4 protein chains.
Amino acid sequence: MTKLISEESKGVFVIMATPFTDDGALDLQSADRLVEFYLEEGVHGLTVLGVMGESPKLSLEEQVKFTLHVLKRVDGRVPVVVGVSNPGMDNLETLSRTTMDQGAGGVMIAGIPGLKTDEQVETYFKAVADRLGEEIPICLQDYPPTTTVFISVGVVNRLIAEIPHLRMFKHEDCPGHRKLTRLRQAPETDGTRRVSILTGNNGLYVPQELARGADGIMTGFAFPGMLVDVYSQFQSGKAEEAEDLFDLYLPILRHEQQFGFGLALRKETLRRRGAIASAKARDPGPRMDARDHAEMDGLLGRLRRKLVDAGHRLPSGL
Amino acid sequence: MTKLISEESKGVFVIMATPFTDDGALDLQSADRLVEFYLEEGVHGLTVLGVMGESPKLSLEEQVKFTLHVLKRVDGRVPVVVGVSNPGMDNLETLSRTTMDQGAGGVMIAGIPGLKTDEQVETYFKAVADRLGEEIPICLQDYPPTTTVFISVGVVNRLIAEIPHLRMFKHEDCPGHRKLTRLRQAPETDGTRRVSILTGNNGLYVPQELARGADGIMTGFAFPGMLVDVYSQFQSGKAEEAEDLFDLYLPILRHEQQFGFGLALRKETLRRRGAIASAKARDPGPRMDARDHAEMDGLLGRLRRKLVDAGHRLPSGL
Amino acid sequence: MTKLISEESKGVFVIMATPFTDDGALDLQSADRLVEFYLEEGVHGLTVLGVMGESPKLSLEEQVKFTLHVLKRVDGRVPVVVGVSNPGMDNLETLSRTTMDQGAGGVMIAGIPGLKTDEQVETYFKAVADRLGEEIPICLQDYPPTTTVFISVGVVNRLIAEIPHLRMFKHEDCPGHRKLTRLRQAPETDGTRRVSILTGNNGLYVPQELARGADGIMTGFAFPGMLVDVYSQFQSGKAEEAEDLFDLYLPILRHEQQFGFGLALRKETLRRRGAIASAKARDPGPRMDARDHAEMDGLLGRLRRKLVDAGHRLPSGL
Amino acid sequence: MTKLISEESKGVFVIMATPFTDDGALDLQSADRLVEFYLEEGVHGLTVLGVMGESPKLSLEEQVKFTLHVLKRVDGRVPVVVGVSNPGMDNLETLSRTTMDQGAGGVMIAGIPGLKTDEQVETYFKAVADRLGEEIPICLQDYPPTTTVFISVGVVNRLIAEIPHLRMFKHEDCPGHRKLTRLRQAPETDGTRRVSILTGNNGLYVPQELARGADGIMTGFAFPGMLVDVYSQFQSGKAEEAEDLFDLYLPILRHEQQFGFGLALRKETLRRRGAIASAKARDPGPRMDARDHAEMDGLLGRLRRKLVDAGHRLPSGL
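Heads up: these notes are all about the structure in this document. (Residues numbered from 1 in each chain as written. Chains lettered and ligands numbered in written order. Predicted model: local features only at pLDDT ≥ 70, side-chain atom pairs only at ≥ 80, totals over all residues. Heavy atoms only, no water.)

Hydrogen bonding along the main chain pairs the strands of a sheet, whether they run parallel or antiparallel. Residue and element names in this part refer to chain B. Pairing is parallel in the closed barrel, where eight strands are placed in the order 1-2-3-4-5-6-7-8. Each strand of the sheet is rotated relative to its neighbour by a mean of 25°, with strand direction disregarded. Sheet analysis places strand 1 (residues 11-15) next to strand 8 (residues 216-219), joined by four bridges and oriented parallel. Within strand 8, the position partnered with Gly11 by the bridge is Gly216. Docked against the sheet, helix 2 (residues 60-74) engages strand 2 (45-48) and strand 3 (80-83), running at close to 165° with respect to strand 2. Against the sheet, helix 9 (residues 224-235) contacts strand 1 and strand 8, and its axis sits at roughly 165° relative to strand 1. (Pairing = 2+ DSSP bridges. Helix = DSSP H or I, 4+ residues; strand = E, 2+ residues; numbered from the N terminus. Axes fitted to C-alpha atoms, helices over the stretch in contact; angles between N-to-C directions. Contact = heavy atoms within 4.5 Å.)

The partner chain B presents 21 residues to the 21 residues of chain D that form the contact. For the pair chain D and chain B, the summed buried surface comes to about 1,400 Å²; carbon and sulfur atoms form 54% of the total. When the buried area of chain D at its contact with chain B is split by residue, D:Asp90, D:Asp283 and D:Pro284 rank highest and sum to 32% of it. Our count for the chain D to chain B interface comes out at four salt bridges. Between B:Arg282 and D:Asp90 there is a salt bridge, with the nearest N and O atoms lying 3.6 Å from each other. Our count for the chain D to chain B interface comes out at six residue pairs in polar contact (both at pLDDT 80 or more). Looking at the side of chain D that touches chain B, the elements with two or more residues in it are helix 2 (60-74), helix 3 (89-101) and helix 4 (118-132) of chain D. (Buried area = accessible area lost by both parts, 1.4 Å probe. Salt bridge = Lys/Arg side-chain N within 4 Å of Asp/Glu carboxyl O. Polar contact = N/O pair within 3.5 Å; in protein donor to acceptor, adjacent residues only side chain to side chain.)

Turning our eyes to something else, we now look at the sheet that holds strand 1 (residues 11-15) of chain C. Residue and element names in this part refer to chain C. In spatial order, the strands read 1-2-3-4-5-6-7-8; together these eight strands close into a barrel with parallel pairing. Mean inter-strand twist for the sheet, computed between neighbouring axes without regard to direction, equals 25°. The strands that helix 4 (residues 118-132) touches are strand 4 (106-110) and strand 5 (138-142); relative to strand 4, the one it contacts most, it runs at about 155°.

This part covers helix 11 (residues 262-272) of chain C. By the criterion of burial, helix 11 of chain C is predominantly enclosed, with nine of the eleven residues buried. After helix 11 of chain C finishes, the residue C:Gly274 shows a positive phi value of roughly 85°. (Buried < 20%, exposed > 50% of the residue type's maximum accessible area, 1.4 Å probe, protein only.)

Before going further, it helps to spend a moment on the interface of chain A and chain D. Taken together, the contacts link 34 residues of chain A with 34 residues of chain D. Along the contact surface separating chain A from chain D lie 20 salt bridges. When the shortest N-O distance is used, the salt bridge between D:Asp247 and A:Arg302 registers 3.0 Å. On the surface where chain A and chain D come into contact, there are 28 residue pairs in polar contact (both at pLDDT 80 or more). At the level of elements, helix 7 (177-190), helix 8 (206-211), helix 10 (239-256) and helix 12 (290-309) of chain A are the ones that each hand at least two residues to the side of chain A that touches chain D. Broken down by element, the side of chain A that touches chain D gets its largest block of residues, nine residues, from helix 10 of chain A. Across the side of chain A that touches chain D, the residue classes tally to twelve nonpolar, seven polar and 15 charged. (Nonpolar A, V, L, I, M, F, W, Y, C, P; charged D, E, K, R; others polar.)

Its location among the elements puts A:Asp292 in helix 12. For A:Asp292, the residues in contact, after removing those within four places along its chain, are A:Phe261, A:Arg287, D:Arg178 and D:Arg212.

In this section: the pairing of strand 7 (residues 196-199) of chain B. All names here are of chain B. Residue alternation in strand 7 divides its side chains into two sets, Ser196 and Leu198 and Ile197 and Thr199, and both sets are buried. Two elements, strand 6 (residues 166-171) and strand 7, share four bridges in a ladder whose sense is parallel. Across the sheet, the residue bridging to Phe169 is Ile197, located in strand 7. Once the chain exits strand 6 it traverses helix 7 (residues 177-190) before rejoining the sheet at strand 7, and the crossover so formed is right-handed. (Right-handed = clockwise from strand over helix to strand, strands pointing away.)

Bringing the side chain of A:His165 into the picture now. Residues and elements named next belong to chain A. Mapping His165 onto the fold places it in the loop between helix 6 (153-162) and strand 6 (166-171). Judged by its relative accessible area of 4%, His165 falls in the buried class. Polar contacts involving the side chain of His165 include one to the main-chain carbonyl oxygen of Gly133, which spans 3.1 Å. Apart from the residues lying within four places of it in its own chain, the contact partners of His165 are Ala129, Gly133, Glu134, Ile136, Pro137 and Ile138.

With that out of the way, let us pick up the relation of the copies chain A and chain D. Once chain A is rotated about the relating axis by 180° and shifted along it by 0.0 Å, it coincides with chain D to within an RMSD of 0.0 Å. What the superposition gives is, in effect, a two-fold axis relating one chain to the other. Taking C-alpha positions as reference, the residue of chain A nearest the rotation axis is A:Leu250, located at 3.9 Å. Taken together, the interface assignments show that 100% of the residues at the interface of chain A recur at the interface of chain D, consistent with an identical surface on both copies. (Least-squares fit on C-alpha atoms with pLDDT ≥ 70 in both.)

With an RMSD of 0.0 Å, the operation that places chain D on chain B is a rotation of 180° combined with a shift of 0.0 Å along the axis. Of the interface residues in chain D, 100% have counterparts in chain B that sit at the interface too, so the contact is made through matching surfaces.

Our next topic: the packing of helix 10 (residues 239-256) of chain D against helix 12 (residues 290-309) of chain D. All names here are of chain D. As a packed pair, helix 10 and helix 12 sit with axes 8 Å apart at the nearest point and diverge in direction by 165°. Relative to helix 12, the element helix 10 is oriented roughly antiparallel. Note that helix 10 runs across helix 12; the crossing there is left-handed. On the side of helix 10, the interface is formed by Leu248, Tyr249, Ile252, Arg254 and His255, while helix 12 contributes Glu295, Leu299, Leu300, Leu303, Lys306 and Leu307. Considering only residue class, the contact of helix 10 with helix 12 consists of seven nonpolar, one polar and three charged. (Parallel < 35°, antiparallel > 145°, perpendicular 65-115°, else oblique. Left-handed = near helix turned anticlockwise from the far one by under 90°.)

Moving on, we get to the environment of A:Thr117. Within the secondary structure, A:Thr117 sits in the loop between strand 4 (106-110) and helix 4 (118-132). Judged by its relative accessible area of 7%, A:Thr117 falls in the buried class. As for A:Thr117 and A:Val149, which are separated by 32 residues in sequence, their C-alpha atoms are 9.0 Å apart. Apart from residues no more than four positions distant in its own chain, A:Thr117 is found in contact with B:Asp118, B:Phe150, B:Ile151 and B:Ser152.

Structure representation (structure tokens):
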């Protein structure tokens, strides 16, 4: 039974790592283990083939294979969003249809390099949405640091108006707090349909983003259970407690969010936590050295002590 | 008697080189000579402190000094446009007011790096225009290869509507033929006020741009007299003859338009033509070596022969 | 019988368009026709899956399928270079091995975005070359405008020294004349092994590049026969005649080299010349409008007249 | 009595904001107050005209005026580094000489856009250093996010070897931990002369950077006293206590480091702390709205509570 994303989607959608064996082959056994790990952490959704999923280093065939495997394992327990961004619309469409047919909950689409003006951005997304058709729920990803595509508030609102199946917006423009507020208020100020807004930016600004009205978080932080707790406390009106907890993890979260290199840090953390067998990132990919490992030891050790001091439960594997 | 730019401005506005002595000081004597050279070539206007004028390598004080010197020399014979783009609006305003007070014909303004969405671009130019006030005619420069600012047709049209003193548009988006056509037709299709459109792009597409309705050319090609002749013939309905002439110069024009290095080639050509004393570009700037000189010799020799074969007059210094 | 590229490779390697049907499917019938068309034009080699071949819009499976089809058709008549650049090394290796096994003459590899310093660039290419092994001849593509990877003369020379199977260098840094000269002279000045140097940059500077010692041209200009003639005349010591011929085509060549949009112009020219059935570029791709067609009519008409006037044979389909 | 920067420089060099009145004029009275504020916070040095100093929005004349004013106020109490980066070397030299003559402690120089390969980067910095001469101590700024210039470890080491007056390196490549380690170890591994290494990156990674051997921090964080304390504790062997203190400020430090917008946040914090009269950033510059102010209230309130809970002294104005 497929769970689709919708305007009502909320909570923590974790960006799933793509596990490889040490020689770079897809490790589907670890994929199974990782799915269970994420679900035990309490996440409300999964996103596969995001930037952190090393999607461009997989062939289309591998993208399909990996996603179908994950979908089968998840088996409808939470919605699964598939990152389908691709330089060509034909491949984008193929990946979307194939995975939606097998139970994906929606597709996430970012802009492609070369889109500059509002008109170009809008035209592109409308063309993609038309191709996919109204049956396929879309999450619009606004991630300029990687895509170099900037999407104005006006364009987002127009796309929401023109594409009824645009259900979710992934916010990671940066600095983007004001944009988030404007988008969140657009239903009141502009009569725009309300969609789900999840925030990315590696989670660096979660408390501020929740306070500004985000419906949840979509990021690949390797302790997603913390984000789940922060989200829940925030929902229960305990914003300060939520932020206290968040701040305890902030040093390690800040460490993990290093652009590019963060992938190695996150995969290694997942490995240490027992969620995947190898921290391998496909070539060309970042690799940790001994100094990096010692640094991580130190940061994780500090986190453990702080959590104990504050009387919090320790996450698995810490 | 100041000549201002206006919606009716037409013809060839040459981007003036900024002459330096061999040790990099402003060479105002050469500036005088260069002004006379350009006027003898028949240009309809001058633009100082453009990209080719090495403006960012001059201090604000030098920019003012150089411009006032040129204005005095030109003495109202043709309109002089002043490139006033600056990271800060205060300096932009200072340069604009000081030079307009002394007879400049208008100011040219490009976007500054960091402007991404239509809203950001529009907001910036409106803020600048408000600062300057309606007395100062503006030429909006659309030059994404250097500025990384992309200005959509919609934004241009809105700016024309909102800024009554926006009188001229310098087109050098690339590829930009279709954009030029849309902008040219905007008075009919959108009711936009008609402004003067001059094209840049180093002149590489002049015949196509005139055919699509451009009012003239604004570029730093070192044989501006050719562009004047092409423009005149085109105006007289002799489009094919105009293009024949243009094509004779195309090999050298294509050579000169090499990004960055073209500055050295143009200054050397101007030096060879007797218009300036030194080809020096301020540091850090491009410099020709012996091989480059030989290459230029070859290309200029070929141009001479082709012109003679076709029965054309030789430009001075060739 | 496979023809491999080598340090001795010379002449015109045309970048082959990838023909699609009007709905975007691979058109293998047109691929056959196009191969014959190029061979009739006299090219010395073919390059498939280059930037102009819309490679990123094909899935890996399609890339393999298309290349194997072309290889079968060419059947060893000329060497075929395969563009294998890919965000992931695994896919790069798969495409390389699969096509080399079936008769490809070598692989062309450009840098991937994110490589900045000399050390990063060198490390990347060495890792790729090690993966492929000495059996696979490599053409190193230096194309910063698209890749944003800048390869210094020092890095090229070190890569030539360290990778014995690096056989060919595709030069399209721009402005790049001086770099070409330095690379060409490196065997004398630095004792670097001499490799084949073909130049790209859409052919805009062919006469200057041949004069500076390039071994040939690798570009997708839709009249490759002209480049073959220019190359041959230059080889026979008739440099001025070669340049005369080149200059006749320069207006249309300059028109075609518009970044991005040029793809539409070239495919349409190939269609008009009878080489492919449809000018379709895969989405998202450029499309000509009526005004663009009229403009092309004008430019091709002018070319025809100039060729007739000069007593040259007309290329097929003109 | 001038304090020059040297290979032995250590501690916290704060990047000084440039105070303006509400209408954008230089506010020299606030400059005086701000100097005293920084010195009371215990900083070991000042850096004027950095990116955070809005240097490009000042004219050369204003840059000189502001710097001389600050130098007079500081009066040799700590070394003052002057950011002299400029598109033109002539202006760079003028600003350097004028301010060094009046007591500056050294100049900081970043690369200029357009420098790509190691050779280009090295050539540029050597040319600048030659211009300035051995009397002027140089801090080499490695700040790719803003400059788009990437400086490899090899280039840094070569520049240290070739420029005896290169005394300090400002590290803010990111992710850059490994680079920092390699540079710090270069005296042992490569025999490179040891220079002072201060780290930037808005201070986001201070504990990790000190652990990897940085000599200090150069950033514009609006609570520089915390950085001074962290640095001192680290020096006294209390690394964990230092990091505990740092982590208390991390939420606000992370908030302040938002690219571009951080300038508004820092100036407002300095205003609230009584260090400057107006938070004005010159146009075009970021501005806080009511929501941004409320957000800052919340973050500062949390900081106050955490500091009190931990028994730390409250910084002035909190």
